[in-house]
Amino acid sequence: MRNTLFAPLLAAGLIASVTAATAQTPLRVAGNFSQNNKQVDIERSFFEGLPAASGVDLAVNYNPMDVVGVKAPDALRMLRGGSFDVMSVQIGMASRDDPFFEGVDLIGVATDMPSLRKVVDAYRDAFDQRLQQKFNAKVLTLWPFGPQVFYCNQEIKELADLKGLKVRSFTPSMSAMLESFGATPVTLQFSEVYPALQRGVASCGVTSPTSGNTGNWPEVTSYLLPLSVSGSIQGHFMNLNTWKKLSSEQQTALMTQFKALEDKLWDLATTANDDAVACNTGEASCANHKKFSMKLVAISDSDRQKIKDVAENTVLPIWKETCNKVDATCSETWNKTAGAAAGLTIK
């Protein structure tokens, strides 16, 4: 009798063991906007190869966010709710849910890639802790689209010419900067900007040279002011429930791969934008982007100083007031991390 009972139990145990050993972890991924084809190509290749590269048995389902109907401002809430396991998040748009996150890339604080990376690395741990507490998500990557510059469909020679114009913005601190120059900020996600410029809903847009080129913004704009005001930091975040289902070994293996992805996206932001500027303005050196014929506006020392002044006198005080209402230690945390890396202090 004992053997008769034991055999089915043993068989059931073996089946359960095999099933557990071979069960795949589903990974529903909402990637970047499909118009950002260079970043999406990198993402798609990465996620398709992630199971083999990491050794973690994953069943990955990757789609750009616009393909699955996700809007950038909704990303953190959808991640918290478990709609996706991993999301590519445009932090500036999503930070409307919590101003703390915008501290990773405040306008005028870090306007070149080396400085920006120092700020991002310094703020990363505080950012991750906040993300876990408020949105039940884990930081996997933090990376920039590249220097955020001005595309305009009417003549501009300097920042002062933005006065009276409607200019696309995607972060609260960018809106504060634009208002300080007398412009009217228009909050639009990337996929909405081309038709807005085409129809005159906006006169200018702010994005990276690469993103503007791949999004065909030079078709609806004529003037390019390559004055960087930020880096448009993005992130790949994982729902914390999904993260906690993984063993520590699996987590380590995945983080190794995501670090490689992050480095690749930083490299793209650093190396591709010079070529994109050349292509946007029809230079002979254009090699890897679409060629257009925008007019390149020279950057004056006066305008560079204006960006610094706006950062210190407008952006940081406004962000302090907004963020400290949510968390009284917000600006103190920023000063110890991002501010220390940038050489700035919010008073």
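These numbers were taken from a predicted model, which means no experiment stands behind them.

A. Spotlight on the state of the cysteines. Evaluated as defined, the whole model comprises 3 disulfides. Paired by a disulfide, C152 and C204 hold their sulfur atoms 2.0 Å apart. In this structure, the disulfide formed by C152 and C204 twists by about 110 degrees around the S-S bond and is classed as right-handed. Within this pair, whereas C152 is found in strand 5 (residues 149-152), its partner C204 is found in strand 8 (residues 204-207), the two being separated by 52 residues in sequence. Note on accessibility: C152 and C204 belong to one class, buried. Two residues share a disulfide in this structure: C323 and C330, whose sulfurs sit 1.9 Å from each other. Since a negative S-S torsion denotes a left-handed disulfide, the C323-C330 link at about 75 degrees is right-handed. Across this residue pair, the class does not change: C323 and C330 are buried. Among the cysteines of the chain that take part in disulfides, numbered as they appear in the sequence, the pairing is 1-2, 3-4, 5-6.

B. Fine view of the packing of aromatic side chains. One pass over the structure, following the stated rule, counts 13 aromatic pairs. Between the aromatic rings of F101 and F127, the centroid separation amounts to 4.8 Å while the plane-to-plane angle is 55 degrees, which identifies the pairing as tilted. With F101 in the loop between helix 4 (91-94) and helix 5 (113-135) and F127 in helix 5, this residue pair connects regions lying 26 residues apart in the sequence. Residue class for F101 comes out buried when judged on its relative accessible area of 1%.

C. Here's a closer look at the packing of helix 6 (residues 172-180) against helix 11 (residues 301-326). Interhelical geometry of helix 6 versus helix 11 gives an angle of 125 degrees and a closest axis separation of 10 Å. With respect to helix 11, the axis of helix 6 lies oblique. Of the two possible hands of crossing, helix 6 and helix 11 adopt the one that is right-handed. In contact with S173, A176, M177 and S180 of helix 6, helix 11 contributes I307, V310, T314, V315 and I318. Looking at the contact of helix 6 with helix 11 residue by residue, the classes come out as 6 nonpolar, 3 polar and no charged.

Reading the values: rules and limits
Residues numbered from 1 in each chain as written. Predicted model: local features only at pLDDT ≥ 70, side-chain atom pairs only at ≥ 80, totals over all residues. Heavy atoms only, no water. Disulfide = S-S within 2.5 Å. Helix = DSSP H or I, 4+ residues; strand = E, 2+ residues; numbered from the N terminus. Buried < 20%, exposed > 50% of the residue type's maximum accessible area, 1.4 Å probe, protein only. Phe/Tyr/Trp six-rings, centres within 6.5 Å; stacked < 30°, edge-to-face > 60°. Axes fitted to C-alpha atoms, helices over the stretch in contact; angles between N-to-C directions. Parallel < 35°, antiparallel > 145°, perpendicular 65-115°, else oblique. Left-handed = near helix turned anticlockwise from the far one by under 90°. Contact = heavy atoms within 4.5 Å. Nonpolar A, V, L, I, M, F, W, Y, C, P; charged D, E, K, R; others polar.

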